[in-house]
Amino acid sequence: MATEGIEAVFLETHNWGRAAKFFQSLGFELEFATDHNSGQLRNGDGPYVFIAEVPEDQEPRMRLALKVPDAKTFRPDPAVEVVTPFESTHYGTKEMTVRDPDGRLWSLQAPADD
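Heads up: these notes are all about the structure in this document. Numbering of residues begins from 1 in every chain and follows the order in which that chain's sequence is written. Confidence filtering applies because this is a predicted model: local features only for residues at pLDDT of at least 70, side-chain atom pairs given and counted only at 80 or more, and all residues used for totals across whole chains, interfaces and linings. Note: side-chain values were computed over all heavy atoms of the structure, leaving out hydrogens and water.

### Quick look at the packing of aromatic side chains
Our working rule: Between rings of Phe, Tyr and Trp, where Trp is taken as its six-membered ring, a pair exists when centres lie within 6.5 Å; planes separated by under 30 degrees are stacked, by over 60 edge-to-face, and by other angles tilted. In this text, helices come from DSSP runs of H or I with a minimum length of four residues, and strands from runs of E with a minimum of two, each type numbered from the N-terminal end. Here's how the labels work: a residue is buried when its accessible area is under 20% of the maximum for its type, exposed when over 50%, partly exposed in between, all with a 1.4 Å probe on protein chains only.
For the structure shown, the criterion picks out 7 aromatic pairs. Here F10 and Y48 contribute two aromatic rings whose centre-to-centre distance is 6.1 Å and whose plane-to-plane angle is 85°, an arrangement assigned as edge-to-face. Residue F10 is found in strand β1 (residues 6-13), and its partner Y48 is found in strand β4 (residues 48-53); the two are separated by 38 residues along the sequence. Each member of the pair F10 and Y48 is classed as buried.

Structure below.
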């Protein structure tokens, strides 16, 4: 089974409001905001963007999550280095981390088990 493209972009920022307004000015719509300076935006059927505010002394990071339809049946090719197997997240998905040949980490995201 293969991945199905990009599921999400996770962004960290020093200013949640300013970052959200930037994406809204590009046509993204706010799907929800949390009470701790984070939220999710989407533009059409494309990947969602989840933005979370981090303290000023922390460097903002970005990561992409690739879509996996089913964590139970997904088996990466043996050539793929699995850093962490699928684990449940606090936001209702399952995530696996893999490393590419240049050392970058990638998240694979699947729906949570029902």
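### Digging into the sheet that holds strand β6 (residues 81-88)
Here is the rule: Two strands are counted as paired when DSSP detects at least two bridges linking them. Between the N-to-C directions of two axes lies an angle of 0 to 180 degrees, each axis being a line fitted to C-alpha atoms and, for a helix, fitted only over the stretch in contact.
Here we have 8 strands laid out as an open sheet, ordered β2-β3-β4-β1-β5-β8-β7-β6, and mixed in their pairing. Both edges of this open sheet fall to β2 (29-33) and β6, since each of them pairs with a single strand only. Taken over all neighbouring pairs, the strand axes of this sheet differ in orientation by 25° on average, direction set aside. Bridge analysis of strand β3 (residues 38-42) against β4 gives 5 bridges, and the strand direction is antiparallel. When the bridges of β4 are listed, Q40 appears paired with F50.

### Comments concerning the pairing of strand β5 (residues 62-67)
Note that β1 and β5 share 5 bridges and pair antiparallel. Bridge pairing in β5 links I6 to L66. Across 3 bridges, β5 lies against strand β8 (residues 105-111) in parallel orientation. Paired with A65 across the bridge in β8 is S107.

### Quick word on the layout of surface pockets
Quick reminder of the rule: Think of a 1 Å grid over the protein atoms and nothing else: a 1.4 Å probe that fits but is trapped marks a cavity, an open set flanked by protein within 12 Å on at least five of seven lines marks a pocket, and residues with an atom within 4 Å of a point count as lining. Grid points are joined across faces, edges and corners, and a volume is the space filled by probe spheres set on the points. Residue classes follow a fixed rule: Ala, Val, Leu, Ile, Met, Phe, Trp, Tyr, Cys and Pro count as nonpolar, while Asp, Glu, Lys and Arg count as charged, and any other residue, Gly among them, counts as polar.
A volume near 630 Å³ is recorded for the largest pocket. Along the wall of the largest pocket there are 23 residues; nearest its centre are F10, F50, A52, R63 and Y91. For the lining of the largest pocket, the residue count by class is 10 nonpolar, 9 polar and 4 charged.

### Thoughts on the environment of E4
What counts here: Whether two residues are in contact is decided by their heavy atoms: any pair within 4.5 Å suffices.
For E4, the position within the fold is in the segment before β1. Taking the C-alpha atoms as reference points, E4 and T73, separated by 69 residues in sequence, lie 14 Å from one another. Setting aside anything within four residues of it in sequence, one finds E4 in contact with K67 and P69.

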